[in-house]
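# Architecture at a glance
One letter stands for each residue in the lines below.
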Amino acid sequence: MEALLEVLRELHPEVDFETCDTLLDEEILDSDDLMILLDAIVRDYDVQVPQEEVNAENFNSAETIYDLIERLQNED
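Residues numbered from 1 in each chain as written. Predicted model: local features only at pLDDT ≥ 70, side-chain atom pairs only at ≥ 80, totals over all residues. Heavy atoms only, no water.

## Structural notes on the overall build of the protein
Along the protein, the regular secondary structure elements total four helices and zero strands. Helices and strands in the protein line up, N terminus first, as α-α-α-α. Taken against the 2.2 N^0.38 rule, which gives 11 Å for 76 residues, the C-alpha radius of gyration of the protein at 11 Å falls within 12% of a compact globule. Across the 76 residues of the protein, 46% fall into the buried class. Long-range contacts, defined here as pairs at least 24 residues apart, represent 53% of the contacts in the protein between residues at least 6 apart. Of the roughly 4,700 Å² of accessible surface on the protein, 43% is carried by carbon and sulfur atoms. (Helix = DSSP H or I, 4+ residues; strand = E, 2+ residues; numbered from the N terminus. Rg over C-alpha atoms; globule rule 2.2 N^0.38 Å. Buried < 20%, exposed > 50% of the residue type's maximum accessible area, 1.4 Å probe, protein only. Contact = heavy atoms within 4.5 Å. Areas by Shrake-Rupley, 256 points an atom, 1.4 Å probe, with all protein chains shown as cover.)

Put into structure tokens, the structure is as follows:
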């Protein structure tokens, strides 16, 4: 989780990613941020995120993103 938080903080140091749960709903993360984040997930967690999984349900908070990463790791 720490590697994920580090990437998110690099993208938006002004956001409290420990509590924020509206990253996509409030457009805090834009498409460029998502591309950087998806690349970091591949690099740091060795997981490919399918396009259909890139949605507000999975990407509205650091916690839901990490839950997605863990779920995808367990599917392999």
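Here the narrative resumes, following the displayed structure.
## Some thoughts on the pattern of salt bridges
In this structure the tally under the stated criterion is five salt bridges. Put simply, arginine 9 and glutamate 2 hold a salt bridge, and the shortest N to O gap is 3.2 Å. For arginine 9, a relative accessible area of 36% translates into the label partly exposed. Across the pair arginine 43 and aspartate 44 runs a salt bridge, and its minimum N-O distance is 3.0 Å. Residue classification places arginine 43 among the exposed residues on the basis of a relative accessible area of 58%. (Salt bridge = Lys/Arg side-chain N within 4 Å of Asp/Glu carboxyl O.)

## Structural notes on the side chain of serine 61
When you line up the elements, serine 61 lands in the loop between helix 3 (56–59) and helix 4 (62–75). Once residues within four sequence positions are removed from consideration, serine 61 is found in contact with Cys20, Asp21 and Leu23.

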